[in-house]
There are 2 protein chains.
Amino acid sequence: MKNIIPSVKGTRDFYPREMSIRTWLYNKMRQVSESFGYQEYEGPLLENIDLYAAKSGEELVKEQSFVFPDRSDNLITLRPELTPTLMRMVAQRQGQLHFPLRWWSYGPFWRYERPQKGRSREFFQWNIDLIGEASPEADAEIVAVMASFYKATGLMPEDVNILVNNRRLMDEELNELGLTSEQRPEAFRLIDRRDKLAPEAWRDYALDLGLSPEQFDRLLALLENLELWKESDELVRFFEAIDALGVSEYVRYDPQIVRGLDYYTGIVYEGRASTPKIRRALAGGGRYDNLLADVGGNPLPGTGYAMGDVVITLLLEETGNLPKELDISPAPVLVTVFDEESLLASYKLTADLREAGLKVACYPVPAKLGKQFKYADRIGARVALVIGPDEKAQGQVTIKNLLNRDQFSVPEREVSQHIREILAGGKPS
Amino acid sequence: MKNIIPSVKGTRDFYPREMSIRTWLYNKMRQVSESFGYQEYEGPLLENIDLYAAKSGEELVKEQSFVFPDRSDNLITLRPELTPTLMRMVAQRQGQLHFPLRWWSYGPFWRYERPQKGRSREFFQWNIDLIGEASPEADAEIVAVMASFYKATGLMPEDVNILVNNRRLMDEELNELGLTSEQRPEAFRLIDRRDKLAPEAWRDYALDLGLSPEQFDRLLALLENLELWKESDELVRFFEAIDALGVSEYVRYDPQIVRGLDYYTGIVYEGRASTPKIRRALAGGGRYDNLLADVGGNPLPGTGYAMGDVVITLLLEETGNLPKELDISPAPVLVTVFDEESLLASYKLTADLREAGLKVACYPVPAKLGKQFKYADRIGARVALVIGPDEKAQGQVTIKNLLNRDQFSVPEREVSQHIREILAGGKPS
């Protein structure tokens, strides 16, 4: 066999089995989003680089994005995230939209990172945002959506947690600690990277940033203070709303959560698996009250998160919450082709059964019945039909129940009824 | 207002209304594909250029594709079509898959063409293929899927036709006409472009290709011969199968259909709108029996088509077959927030109603009830709920029917039942 041309590194093929998991996940996102009254939208997959340049943060745009010139030398980006696109779309129709706006989306994104477990260069992301409301209760609603999704996929509070903090609170705390307003954005990046660096390297990073050893110790203490949220009126209200929304078991305060993107302005949140096997965040987001004005709209607050498909699928696999046997049989009914003469009769039967609402595949050419039954088993069909010369002479069709291998003939007009009875009898065990 | 950063030329924004049409179309494709026993799959959106270089045809790869070098200087292509990816995926698992294979897919593609009505640079395409069967009946099944899709979207045989020809037949005819085997691929391109050029320009193209005036006249006669199919045993069998499959009203022979891609080897087909307002093909495909071997697999025949989303949507709009009022209301129920004190009670009520299976949005902050009712009307909600101090004292909730403006109070535990009754009462007229 010749060499097969390889796929692009960091991309994935979705064979029917993988595709059915992707569709299952998408449907869960749809179900939860819609239960909270969110509408589906989608942006283009390509955007001009200027859209990200301002606000997404240098690392994401310059180091992690696929960027290329088009034939007019505009720099085009394979979108690395959706929030800037959302802001553009809202700004374009700001006068016609009804706020608060609740929108969700699920689509492909790209980041030029080293592919590894839990990370691919081409991935899918669920985005959900509430725009036009600055209250901490709005943040609580969005976090409740995330918790409800975990619940809907069978993940328990012992499997997954949503960690919450407030950038405004942290900003004040860093100020009290003596960090200048110039030092603070970099300090957020420092805090964000604590999990990713060894303790010594992280300390060096902090001292490089200009922290004194004493400031460093106070920062460490700050990041261990689980009661810090009580000093933030916003977080107090946030947790009250989380309680009212019935998801407090999934949500807790963590002073170390600040998120990496530059545009967050208030409450931030991150979904985390409990198992040490999965260290990457499951989802992350926060409040971005200046972003709409930054892309050219009138100022309007917003809050929302993104959840990639790769890490959550790993976790659901790990916890055994992926559906064990997804129904990926292409069709429950296979019509066989007995011989050359009966080919068209078989085709006609498939058309009639489809008309009656059944999913039906037809073996496309005459072949030995044994071979066709074997094929029916392999694709997971539960019923096979035969119209040979005997059946044709009597206006009948033979029905073979592939589960118990029962076989009987019925008049053609009764076939769909009998099939429905067999299919209602339950799935193969 | 500042300038909003523009979107990339030839891309589209899907606001909730456009998104709901896209989802409706996707669901129709799913329904029809599944009724014929096809399984959903999807490939990566990026592929190495080598995958297309061999077989898709020079125009598509060199002139119409977005191609860029990655950071290791590999040439990456934003996929312009799916068939080569399908071939790669089948070749990779050829030993494990069960043939005949019936697969379908719906996803984004890119072509660097001048954006115009019916054409965008970023578009969606439905691909459906039957692999592992060389019979003309297999082609007929695929064409029946296309016809069933038109039927499922309400398009009648007077709105749309599937035109069919056979490249093998045309190859023989061109041979008889005296064209060498070197001239014939270019002659297919000539035939394919007849619709796109003025008669004089097309004649010049033919003579440039080396046709004598006499050969040109015979070619013209050939392309008018609607009985030509009777000389092809494959097409005779094809049309018999189309008849058995019950879709012959949608399908007819046209000697001018040859399709543009180089890899077709037999029967080819194209969906065409009857209205002269839409001149671009709705869908196109054909048999490609050498492609799997070309990408490195063992030889296996295949047949299938692609249908873009842009032209079909234009036609459905033109014929009035797009659903008139898609249900794009984010939620049928809005819970209002009477005042600061009742905010958490309102949030708790939304959580309870979602738990009961309803789609519920909550106004996120206290505001005048009139403003909140107006918002409920604007988002298309049909019921608004109020819990003020009076309701709270009595353990009740006030239900406002937004269709007839009726208003009444019920005990909290009965709310979901009353909402269901109102929602069952029909949609707003």
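Values in this document were obtained by computation on a predicted structure and should not be read as measured data.

### Some details on the overall build of chain A
Piece 1. Scanning chain A from terminus to terminus reveals 16 helices and 16 strands.
Piece 2. In terms of C-alpha radius of gyration, chain A reaches 28 Å, well past the compact-globule figure of 22 Å for 429 residues.
Piece 3. Projecting the C-alpha coordinates of chain A onto the three principal axes gives extents of approximately 95 × 55 × 50 Å.
Piece 4. Counting only residues that meet the buried cut, chain A has 61% of its 429 residues in that class.
Piece 5. Partitioning the contacts of chain A with sequence separation of at least 6, the portion at a separation of at least 24 is 69%.
Piece 6. Carbon and sulfur atoms make up 48% of the accessible area of chain A, which amounts to about 17,500 Å² in all.

### Observations concerning the environment of K368(A)
Residues and elements named next belong to chain A.
Piece 1. Within the fold, K368 resides in the loop between β13 (360–362) and α14 (369–378).
Piece 2. A relative accessible area of 71% places K368 in the exposed class.
Piece 3. Taking C-alpha positions, K368 is 69 Å from E240, a pair spaced 128 residues apart along the chain.

### Digging into the sheet that holds strand β3 (residues 66–69) of chain B
All names here are of chain B.
Piece 1. The strand order across the open sheet built from 3 strands is β2-β4-β3, with neighbouring strands paired in antiparallel fashion. The two strands at the open ends of the sheet, each matched to only one other strand, are β2 (46–48) and β3. Averaged over all pairs of adjacent strands, the angle between strand axes in this sheet comes to 35°, irrespective of strand direction.
Piece 2. Two strands pair when backbone bridges link them, and β2 and strand β4 (residues 75–78) are joined in this way by 3 bridges, in the antiparallel orientation. Across the sheet, residue E47 finds its bridge partner in β4, namely T77.

### Here we look at the environment of E47(B)
Piece 1. Relative to the assigned elements, E47(B) resides in strand β2.
Piece 2. Separated by 216 residues in sequence, E47(B) and Y263(B) have C-alpha atoms that sit 18 Å apart.
Piece 3. Ignoring sequence-local partners within four residues, the contact set of E47(B) consists of S7(A), V8(A), Y52(B), L75(B), I76(B), T77(B), T85(B) and R88(B).
Piece 4. Looking at E47(B), its side chain comes within polar contact range of the side chain of R88(B), at 2.9 Å.

### So, the domain arrangement of chain A
Piece 1. The assigned domain composition of chain A is domain 1 (16–324) and domain 2 (328–423).
Piece 2. The distance between the C-alpha centroids of domain 1 of chain A and domain 2 of chain A comes to 52 Å.

### Concerning the sheet that holds strand β12 (residues 333–335) of chain B
The strands making up a sheet associate through backbone hydrogen bonding, with each pair oriented either parallel or antiparallel.
All names here are of chain B.
Piece 1. Spatially, the 5 strands line up as an open sheet ordered β13-β12-β14-β15-β16, and their pairing is mixed. Two strands bound the open sheet, and with one partner strand each, they are β13 (360–362) and β16 (407–411). Along the sheet, successive strands turn relative to each other by an average axial angle of 25°, direction set aside.
Piece 2. Sheet topology note: the β12/β13 ladder contains 3 bridges and is parallel.

### Some details on the interface of chain A and chain B
Piece 1. Of the residues lining the interface, 100 residues belong to chain A; the matching set on chain B comes to 99 residues.
Piece 2. Of the roughly 8,600 Å² buried between chain A and chain B, counting both surfaces, carbon and sulfur atoms make up 60%.
Piece 3. Where chain A touches chain B, the interface holds 4 salt bridges.
Piece 4. Summed over the shared surface of chain A and chain B, the result is 34 residue pairs in polar contact (both at pLDDT 80 or more).
Piece 5. Top element by residues in the side of chain A that touches chain B is helix α1 (residues 16–35) of chain A. It accounts for 9 residues.

### Digging into the packing of aromatic side chains
Piece 1. Overall, the coordinates contain 37 aromatic pairs over all chains when judged by the stated rule.
Piece 2. Relative to F124(A), the ring of F14(A) lies with its centre 6.2 Å away and its plane at 90°, an arrangement referred to as edge-to-face. Note that F14(A) is positioned in the segment before α1 and F124(A) in strand β6 (residues 122–131), a separation of 110 residues in sequence.
Piece 3. Owing to a relative accessible area of 7%, F14(A) belongs among the buried residues under this scheme.
Piece 4. Using a relative accessible area of 8% as the deciding quantity, one classes F124(A) as buried.
Piece 5. Relative to F124(B), the ring of Y106(B) lies with its centre 5.7 Å away and its plane at 35°, an arrangement referred to as tilted. Note that Y106(B) is positioned in strand β5 (residues 101–110) and F124(B) in strand β6 (residues 122–131), a separation of 18 residues in sequence.
Piece 6. Judged by its relative accessible area of 7%, Y106(B) falls in the buried class.
Piece 7. We note R71(B) situated over the ring of Y112(A); from NZ or CZ to the ring centre the distance is 4.8 Å.

### Things to note about the confidence of the model for chain A
Piece 1. Residues of chain A with pLDDT of at least 70 account for 96%, and the chain-wide mean is 92.
Piece 2. Complex prediction metrics read pTM 0.93 and ipTM 0.92.

### Some thoughts on the packing of helix α8 (residues 199–208) of chain A against helix α9 (residues 213–224) of chain A
Each pair of packed helices can be summarised by the angle the axes make with each other and by the distance between the axes.
Residue and element names in this part refer to chain A.
Piece 1. It is the contact of α8 with α9, at a shortest axis distance of 10 Å, that shows an interaxial angle of 125°. With respect to each other, α8 and α9 are oriented oblique. The handedness of the crossing between α8 and α9 comes out as right-handed. Residue-level inspection shows W202, R203, A206 and L207 of α8 in contact with α9, the latter providing P213, F216, L219, L220 and L223.
Piece 2. Of the residues assigned to the contact of α8 with α9, the class counts are 8 nonpolar, no polar and 1 charged.

### Quick notes on the relation of the copies chain A and chain B
Piece 1. It takes a turn of 180° to lay chain A on chain B, together with a shift of 0.0 Å along the axis; the resulting RMSD is 0.0 Å. The superposition of one copy onto the other is thereby described by a two-fold rotation axis. Relative to the rotation axis, the closest C-alpha in chain A is found at F68(A), a distance of 3.1 Å.
Piece 2. An overlap of 99% is found between the interface residues of chain A and their copies at the interface of chain B, pointing to a shared contact surface.

### Describing the packing of helix α5 (residues 136–152) of chain A against helix α10 (residues 233–244) of chain A
Residue and element names in this part refer to chain A.
Piece 1. Across the interface, α5 lies against α10 with an axial gap of 8 Å and an inter-helix angle of 45°. Judged by the angle between their axes, α5 and α10 are oblique. Handedness of the crossing formed by α5 with α10: right-handed. Contacts from P136, E137, D139, A140, V143 and A144 in α5 reach E234, R237, F238, A241 and I242 in α10.
Piece 2. Per-class residue counts for the contact of α5 with α10 are 7 nonpolar, no polar and 4 charged.

### Regarding the environment of D377(B)
Residue and element names in this part refer to chain B.
Piece 1. The topology assignment puts D377 in helix α14 (residues 369–378).
Piece 2. The sequence separation of D377 and L169 amounts to 208 residues, and the corresponding C-alpha distance is 61 Å.
Piece 3. In this structure D377 touches L402 and R405, once residues within four positions along its chain are discounted.
Piece 4. A distance of 3.1 Å separates polar atoms of two side chains, one belonging to D377 and the other to R405.

Scoring rules and cut-offs
- Residues numbered from 1 in each chain as written.
- Chains lettered and ligands numbered in written order.
- Predicted model: local features only at pLDDT ≥ 70, side-chain atom pairs only at ≥ 80, totals over all residues.
- Heavy atoms only, no water.
- Helix = DSSP H or I, 4+ residues; strand = E, 2+ residues; numbered from the N terminus.
- Rg over C-alpha atoms; globule rule 2.2 N^0.38 Å.
- Buried < 20%, exposed > 50% of the residue type's maximum accessible area, 1.4 Å probe, protein only.
- Contact = heavy atoms within 4.5 Å.
- Areas by Shrake-Rupley, 256 points an atom, 1.4 Å probe, with all protein chains shown as cover.
- Pairing = 2+ DSSP bridges.
- Axes fitted to C-alpha atoms, helices over the stretch in contact; angles between N-to-C directions.
- Polar contact = N/O pair within 3.5 Å; in protein donor to acceptor, adjacent residues only side chain to side chain.
- Domains from an automatic or database assignment.
- Buried area = accessible area lost by both parts, 1.4 Å probe.
- Salt bridge = Lys/Arg side-chain N within 4 Å of Asp/Glu carboxyl O.
- Phe/Tyr/Trp six-rings, centres within 6.5 Å; stacked < 30°, edge-to-face > 60°.
- Lys NZ or Arg CZ within 6 Å of the ring centre and 35° of its normal.
- pLDDT = per-residue confidence, 0-100.
- Parallel < 35°, antiparallel > 145°, perpendicular 65-115°, else oblique.
- Left-handed = near helix turned anticlockwise from the far one by under 90°.
- Nonpolar A, V, L, I, M, F, W, Y, C, P; charged D, E, K, R; others polar.
- Least-squares fit on C-alpha atoms with pLDDT ≥ 70 in both.

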